[in-house]
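Reading the structure
Below, each chain spelled out in residue letters.
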Amino acid sequence: MSDQKIFIFDTTLRDGEQVPGCKLNTKEKIELALRLEELGVDIIEAGFPISSPGDFQSVEEISKIIKNATVCGLSRAVQKDIETAAAALKLAKRPRIHTGIGTSDSHIKSKFNSTREEILVRAAQAVKWAKNFVDDVEFYAEDAGRTENEYLARVVETVIAAGATVVNIPDTTGYCLPDQYGEKIAYLMNNVPNIDKAILSVHCHNDLGLATANSIAGVRAGARQIECTINGLGERAGNTSLEEVVMVIRQHKSLGFYTGVNTKELNPMSQLVSDTMRMPVQPNKAIVGANAFSHSSGIHQDGFLKDASTYEIINPEEVGAAGSRIVLTARSGRSALAFRFHKLGYSFTRNDVDTLYERFLQVADTRKEVMDEDLHGLAKAYQASAVTA
Ligand code: KIV
Ligand code: ZN
């Protein structure tokens, strides 16, 4: 069987932008949307048009300029929200309205003071209303992660019958374990009679650090769209990180999936989002963190310098990273020291490096990291002592 496409739905401009301090203005959103399109995402969730006049304008402007990707606007299952989203998306080449409602008992009782039956009616009405404006309607069953599977299957069947083209199964609170979430998607694939009329989407939050694992479990069980953000930004602990799911799919060809993302743009995109939102990326972040391709312990450095694949499963060039780094600390070994001296233009023999290594360790024990200036100092002192000896 040929590989199956996984649609990448980027929600950096909507769920990602909900992070305190990360709010974007229209100009910033347009710039990021254009870059997301270049990156090769399939759907750009541009905002929540009813939330503010500024966000309405952002979705409207993005709709005008995006040529290939689908542009999506969020709404609640409320007529006015849907109409506002439709108005903001009016000029989009491929518009999608994303509407939905909470389906877990907790949401039904605490948020809506409602009943399961009433929620089914409201869900169907919202999709039908959105269908008056666009063909492509995505429905989200908020808190699907904690919604009982039998009832969730009824919700999914109802909204597909009402015309939903995509049904989003969010693990809104990041509660599910990967096997539970995968089983939930499998349950829907097997128990919703009209499931062939729509695709299922995964939207996982990272409260337990499981968003990427859950998203992958979801597509393995039959979902065909992943909702994610650059750098994993999003409410609380964030959303599924785009760069992680894309690279899991690329590195594990045996999964039988592919995406349209140009992986060489992942690091530049991460940097741009981090700069624009003024939100630093944690150094140990997979794929795009500053240390993702750094090697600092002697055992790792020695192996890496003999053959990069001993300690790297991704070529940094493939993800647009600056390259691998051999970092010198008090845990580094002789091969790394020799390598760094060589890079600085020194040609020391093995015996030279043995002597220099002892001096290097004295410096390294007083520093977090030994830098090029320190190495020049060590080299110059060593050369001077060799001349006077
Ligand atoms: O996490 C969530 O449930 C959401 C929905 C609005 C799609 O972001
Ligand atoms: Zn979310």
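Residues numbered from 1 in each chain as written. Chains lettered and ligands numbered in written order. Predicted model: local features only at pLDDT ≥ 70, side-chain atom pairs only at ≥ 80, totals over all residues. Heavy atoms only, no water.

1. Quick notes on the coordination of the zinc ion (ligand 2)
On the protein side, the zinc ion (ligand 2) has D15 (OD), H203 (NE2) and H205 (NE2) as donor atoms, found 2.1 Å from it. In primary sequence terms, the donor set of the zinc ion (ligand 2) follows D-x187-H-x1-H. Highlighted residues: D15 in the loop between β2 (7-10) and α1 (26-39) and H203 in strand β8 (residues 199-204), separated in sequence by 188 residues. For the pair shown, D15 and H203 are each scored as buried. (Donors = N, O, S within 2.8 Å, 3.2 Å for Na, K, Ca; no water. Helix = DSSP H or I, 4+ residues; strand = E, 2+ residues; numbered from the N terminus. Buried < 20%, exposed > 50% of the residue type's maximum accessible area, 1.4 Å probe, protein only.)

2. Quick look at the domain arrangement of the protein chain
Here the protein chain is partitioned into domain 1 (4-277) and domain 2 (294-388). Between domain 1 and domain 2, the C-alpha centre-to-centre distance is 45 Å. Counting residues at the interface gives eight residues for domain 1, matched by seven residues for domain 2. On the domain 1 side of the interface with domain 2, the three residues burying the most area are Q251, K264 and N267, jointly 60% of the side's total. For the pair domain 1 and domain 2, the number of links is one salt bridge. (Domains from an automatic or database assignment. Contact = heavy atoms within 4.5 Å. Buried area = accessible area lost by both parts, 1.4 Å probe. Salt bridge = Lys/Arg side-chain N within 4 Å of Asp/Glu carboxyl O.)

3. Digging into the site of ligand 1
The immediate surroundings of ligand 1 are formed by R14, D15, H98, Y140, E142, N168, P170, T172, H203 and H205. Measuring from an oxygen atom of ligand 1, one finds a side-chain N or O atom of H203 at 3.1 Å. Isolated, ligand 1 exposes 270 Å² of accessible area, and the fraction of that covered by the protein chains is 92%. More than half of the atoms belonging to ligand 1 lie within 2 Å of the grid points that define the largest pocket. Elements that contribute at least two residues to the shell around ligand 1 include exactly β6 (136-142) and β7 (166-171). For the shell around ligand 1, the residue count by class is two nonpolar, five polar and three charged. (Near = heavy atom within 4 Å. Polar contact = N/O pair within 3.5 Å; in protein donor to acceptor, adjacent residues only side chain to side chain. Areas by Shrake-Rupley, 256 points an atom, 1.4 Å probe, with all protein chains shown as cover. 1 Å grid on protein atoms, 1.4 Å probe; cavity = no way out; pocket = protein on both sides within 12 Å on 5 of 7 lines; lining within 4 Å. Sits in = over half its atoms within 2 Å of the grid points. Nonpolar A, V, L, I, M, F, W, Y, C, P; charged D, E, K, R; others polar.)

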